[in-house]
Amino acid sequence: MKEYRKILVPVDGSKLAGKAFEEACQVAKRNHGQLLLLTVIDLTSFRGTASASSMEITKELQKNAQQLIAELEQSTDVPLQTQISAGNPKQEIIKAAEDFDSDLIIMGATGLSKLGQWMLGSTTGYVVNHASCNVMVIK
């Protein structure tokens, strides 16, 4: 049975991301592993704009991401690192997994996006198909 010691958990504040975080904590405890807790600020909708309103929205998203990370950090005793990235979530998750040398990515089947729900086949599907490590999808 494979031991997963370096587990990436992308979180966005959605219910399934919370369930993925809980599962990741359990897997890390069983395997004496550590987590990389990642939040990605999706900047794809701001491409080509540098307006004051988009800058304010980005600052608000950064503040929300920091708050989410802090809340999750306080809720576990599992060793973890945190990272807030900005860009395309699909690409940022893959990059973070490679940089962290992840054994496993645990993520929700769907999550929040600027317009509501991500669909499996979008971010999650992309990660499943492009990650160099195993991916566990939580429903």
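The residue numbering used here restarts from 1 in each chain and proceeds along that chain's sequence as written. Residues qualify for local features only when their pLDDT is at least 70, as the model is predicted, and side-chain atom pairs are given and counted only at 80 or more; totals for whole chains, interfaces and linings, by contrast, use all residues. Just so you know, side-chain values use all the structure's heavy atoms and leave hydrogens and water out.

## Notes on the pattern of salt bridges
One speaks of a salt bridge when a side-chain nitrogen belonging to Lys or Arg is within 4 Å of a carboxyl oxygen belonging to Asp or Glu. In the structure shown here, the tally under the stated rule is 4 salt bridges. Two residues, E3 and R5, come together in a salt bridge whose shortest N-O distance is 2.4 Å. To sort residues, take the accessible area from a 1.4 Å probe on protein chains only and compare it with the maximum for the residue type: under 20% means buried, over 50% means exposed, and anything in between is partly exposed. Accessibility expressed as a relative area gives 37% for R5, which makes it partly exposed. Among the ionic pairs, D77 bridges to K29, the shortest N-O distance being 3.5 Å. A residue pair is termed long-range when its members are at least 10 positions apart, and D77 in the loop between α2 (52–74) and β3 (80–87) and K29 in helix α1 (residues 15–31) qualify at 48 residues. The exposure class assigned to D77 is exposed, which follows from its relative accessible area of 64%. Looking at K29, the relative accessible area reads 42%, which means it is partly exposed. Where helices and strands are cited, they refer to DSSP runs of H or I of at least four residues and of E of at least two residues respectively, numbered from the N terminus.

## Some thoughts on the nonpolar core
To qualify as a nonpolar core, a set must consist of buried Ala, Val, Leu, Ile, Met, Phe, Trp, Tyr and Cys residues joined through side-chain atoms within 4.5 Å. In this structure, I7, V9, V11, F21, L35, L37 and I106 are the most contacted members of the largest nonpolar core, which totals 20 residues. Elements with a minimum of two residues in this core: β1 (6–10), α1, β2 (34–42), α2 and β4 (104–108). Tallying contributions element by element places α1 first for this core, with 7 residues. Residue contacts follow a heavy-atom distance rule, with two residues in contact if any of their heavy atoms lie within 4.5 Å. In this structure, L35 is in contact with I7, V9, F21, A24, C25, A28, V78, P79, L80, Q81 and F100, ignoring residues within four places of it in sequence.

## Notes on the packing of helix α3 (residues 89–100) against helix α4 (residues 123–130)
Viewed as axis vectors pointing N to C, α3 and α4 meet at an angle of 35°, and their least axial separation amounts to 9 Å. The hand of the α3/α4 crossing is right-handed. Taken together, the residues of α4 that come into contact with α3 (itself represented by P89, K90, Q91, I93 and I94) are T123, Y126, V127 and H130. Three residue categories are used. Nonpolar comprises Ala, Val, Leu, Ile, Met, Phe, Trp, Tyr, Cys and Pro, charged comprises Asp, Glu, Lys and Arg, and polar comprises the others, including Gly. Across the contact of α3 with α4, the residue classes break down as 5 nonpolar, 3 polar and 1 charged. Helix axes are fitted only over the stretch in contact, all axes being lines through C-alpha atoms; the angle between N-to-C directions runs from 0 to 180 degrees. The handedness criterion is simple: a crossing whose near helix is rotated anticlockwise from the far helix by less than a right angle is left-handed, and one whose near helix is rotated clockwise is right-handed.

All we've got here are geometric facts, nothing functional implied.
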